Amino acid sequence: MWSPPSKGNTQPWLRYGLGLYNNHLTTEGGGIKEDTSESDFGLNGGGGIDLKSNPSMHFGVGGMYHYVFTEGSATQYVNVSLYLTFTTTGATK
């Protein structure tokens, strides 16, 4: 994760990486149940902003784009998060 220097109450950030994604599928029909599982490598990247309300609490919003190298064609998706974080010890920022 990369965050540029910030002097105010807002802190933008960028994040990127690679990972191992596990795809699990369960299908049922005609009295037959089938489970399949597959693991594939993928890339991700995104950004967001943290809003500091005091030294021990901040909230923010962020989004990440995921590109997974699945068989046939790639799987792509975006997730958006809202979060609230509390720091219980060592709050220095």
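Described in the following lines is the structure provided in the data block. (Residues numbered from 1 in each chain as written. Predicted model: local features only at pLDDT ≥ 70, side-chain atom pairs only at ≥ 80, totals over all residues. Heavy atoms only, no water.)

## Regarding the overall build of the protein
Now for step 1: Each helix and strand in the protein was counted, giving 0 helices and 4 strands.
Now for step 2: Moving toward the C terminus, one meets the helices and strands of the protein in the order β-β-β-β.
Now for step 3: The C-alpha atoms of the protein give 19 Å as radius of gyration, which overshoots the globular expectation for 93 residues (12 Å, by more than 25%).
Now for step 4: When the backbone C-alpha atoms are referred to their principal axes, the protein occupies close to 60 × 25 × 20 Å.
Now for step 5: Burial statistics for the protein: of 93 residues in total, 16% are counted as buried. (Helix = DSSP H or I, 4+ residues; strand = E, 2+ residues; numbered from the N terminus. Rg over C-alpha atoms; globule rule 2.2 N^0.38 Å. Buried < 20%, exposed > 50% of the residue type's maximum accessible area, 1.4 Å probe, protein only.)

## What about the packing of aromatic side chains?
Now for step 1: According to the stated counting rule, one finds 1 aromatic pair in the structure shown.
Now for step 2: When the ring of Tyr67 is compared with that of Phe69, the centres are 5.1 Å apart and the planes differ by 70°; the resulting orientation is edge-to-face.
Now for step 3: The lysine or arginine in question, Arg15, covers the ring of Trp13, its NZ or CZ lying 4.7 Å from the ring centre. (Phe/Tyr/Trp six-rings, centres within 6.5 Å; stacked < 30°, edge-to-face > 60°. Lys NZ or Arg CZ within 6 Å of the ring centre and 35° of its normal.)

## A closer look at the pairing of strand β2 (residues 32–54)
Now for step 1: In the sheet, strand β1 (residues 10–29) pairs with β2 via 20 bridges, with the strands oriented antiparallel. Looking at the pairing, Asn23 lines up with Glu38 of β2.
Now for step 2: Sheet analysis places β2 next to strand β3 (residues 57–68), joined by 12 bridges and oriented antiparallel. Paired with Ile49 across the bridge in β3 is Val61.
Now for step 3: Turn length for the β2-β3 hairpin, with the two strands adjacent in sequence and antiparallel, is 2 residues. (Pairing = 2+ DSSP bridges.)

## Some thoughts on the sheet that holds β1
Now for step 1: Across the sheet, which stays open at both edges, the 4 strands sit in the order β1-β2-β3-β4 with antiparallel pairing between neighbours. Both edges of this open sheet fall to β1 and β4 (75–86), since each of them pairs with a single strand only. The sheet shows a mean angle of 25° between the axes of neighbouring strands, direction not considered.
Now for step 2: Where β3 and β4 come together, 12 bridges link them in antiparallel fashion. Bridging across to β4, Gly62 finds its partner in Ser81. (Axes fitted to C-alpha atoms, helices over the stretch in contact; angles between N-to-C directions.)

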